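Coordinates in review
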Amino acid sequence: MLLIIYLVISLLFSIKTKNIIILNNSYYNDEEIISTANLEDYPKFILVNKKKINKDLKNLSLIDGVNIKKDYLKFAITLDIKEKKILYYKRSIDEYVLSDGSSIPLEDVKSIPVLINYVEEKTEKKFIEALSLLENETISMISEIEYKKTEFDSERFLLYMNDGNEVYVNISRLENLDKYTSIVTKLNGKKGILYLDSGNYFQIKEK
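As a starting point, this report considers the structure included with it. (Residues numbered from 1 in each chain as written. Predicted model: local features only at pLDDT ≥ 70, side-chain atom pairs only at ≥ 80, totals over all residues. Heavy atoms only, no water.)

Overview of the overall build of the chain
Secondary structure assignment for the chain yields six helices and 12 strands. Relative to its length of 207 residues, the chain is extended, with a C-alpha radius of gyration of 24 Å against a globular reference of 17 Å. Dimensions along the principal axes, computed over C-alpha positions, put the chain at roughly 85 × 35 × 30 Å. Buried residues in the chain amount to 40% of all 207 residues. Relative to all contacts within the chain whose residues are 6 or more apart in sequence, the contacts with residues 24 or more apart total 52%. With the model as given, the accessible surface of the chain reaches about 12,800 Å², and the carbon-plus-sulfur share is 52%. Side chains of the chain give 30 positive and 32 negative charges; the mean places of these two sets differ by 5 Å. (Helix = DSSP H or I, 4+ residues; strand = E, 2+ residues; numbered from the N terminus. Rg over C-alpha atoms; globule rule 2.2 N^0.38 Å. Buried < 20%, exposed > 50% of the residue type's maximum accessible area, 1.4 Å probe, protein only. Contact = heavy atoms within 4.5 Å. Areas by Shrake-Rupley, 256 points an atom, 1.4 Å probe, with all protein chains shown as cover. Lys, Arg positive; Asp, Glu negative; His and termini not counted. Charge placed at Lys NZ, Arg CZ, Asp CG, Glu CD.)

Pasting the structure below:
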């Protein structure tokens, strides 16, 4: 009996990882992730350490974490990547702001809005938290972000959209921007200013 147990354990320790599946990665390709996780040699399956892989992958600036599953029947490892969002380019520091509040230099980033003026630190932190909850598709529709506080509203922003429209919104109502596409489809191609900061109404631009 002991011999059988020994042989089974020896077999398990000798089997290498047969397949590595990467899910939900858009910023890094599979090869980069496998290399960073030190899995390029398809190590012995039973020795693969989930905590170490998670720690190694967090060294990549745009990865927030990873859910790791080991399939003991197929000897396969699945890495379900959780990425940080790139929210906007901050012109004043020449870096991109991420959903965790950090900022890093990046190259060749497309469809990301530009923050064109100064935002008070406390307000910007709240803005980042609210913006990170929006769909990526919504964020990609914004061209520029301008902080436009008033004496009545210190959390008010003006968003310049890629389609030529402008949107006034404050942080507490920023989530309504996810409805932008459904709103503009009802405007029959008209351009103007959408006020989401105080009600929901559209002002057509004069030609």
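Quick look at unusual backbone geometry
A negative phi angle characterises most non-glycine residues, just as the trans form characterises most peptide bonds. With a phi close to 60°, Asn 38 is a non-glycine residue in the positive phi region. Under the relative-accessibility criterion, Asn 38 is labelled partly exposed at 45%.

A closer look at the packing of aromatic side chains
Summed over the entire model, instances satisfying the criterion amount to eight aromatic pairs. The interplanar angle of 85° and the centroid separation of 5.1 Å between the aromatic rings of Phe 45 and Tyr 72 together place this pair among those described as edge-to-face. Placement of Phe 45 in the loop between helix 2 (30–36) and helix 3 (50–57) and of Tyr 72 in the loop between strand 2 (63–71) and strand 3 (76–83) is noted, with a sequence separation of 27 residues between them. Judged by its relative accessible area of 1%, Phe 45 is buried. Between the aromatic rings of Tyr 168 and Tyr 195, the centroid separation amounts to 5.3 Å while the plane-to-plane angle is 10°, which identifies the pairing as stacked. With Tyr 168 in strand 10 (residues 166–170) and Tyr 195 in strand 11 (residues 192–195), the pair connects residues that are 27 residues apart, well separated along the chain. (Phe/Tyr/Trp six-rings, centres within 6.5 Å; stacked < 30°, edge-to-face > 60°.)

Quick notes on the pattern of salt bridges
Within this structure, the stated rule accounts for eight salt bridges. Across the pair Glu 120 and Lys 149 runs a salt bridge, and its minimum N-O distance is 2.7 Å. With Glu 120 in the loop between strand 7 (114–115) and helix 4 (121–131) and Lys 149 in the loop between strand 8 (142–147) and strand 9 (156–161), this residue pair connects regions lying 29 residues apart in the sequence. Judged by its relative accessible area of 28%, Glu 120 is partly exposed. Accessibility expressed as a relative area gives 46% for Lys 149, which makes it partly exposed. A salt bridge links Asp 197 to Arg 156, with the nearest nitrogen and oxygen atoms 2.8 Å apart. Highlighted residues: Asp 197 in the loop between strand 11 and strand 12 (201–204) and Arg 156 in strand 9, separated in sequence by 41 residues. For Arg 156, a relative accessible area of 14% gives the class buried. (Salt bridge = Lys/Arg side-chain N within 4 Å of Asp/Glu carboxyl O.)

Focus: the sheet that holds strand 11
Reading across from one edge, 6-5-4-7-8-9-10-11-12 is the order of the nine strands in this open sheet, with mixed pairing throughout. The open sheet terminates on both sides in strands that have one partner only, identified here as strand 6 (103–104) and strand 12. Here four bridges tie strand 11 to strand 12, and the two strands are oriented antiparallel to one another. Within strand 12, the residue paired with Leu 194 across the bridge is Phe 202. (Pairing = 2+ DSSP bridges.)

Some points on the pairing of strand 2
Put simply, side chains in a regular strand alternate between the two faces of the sheet. As paired elements, strand 2 and strand 3 share eight bridges and run antiparallel to each other. Along strand 3, the bridge assignment pairs Asn 67 with Asp 80. Between strand 2 and strand 3, which pair antiparallel one after the other, the connecting turn spans four residues, and Phe 75 there sits at a positive phi close to 55°.

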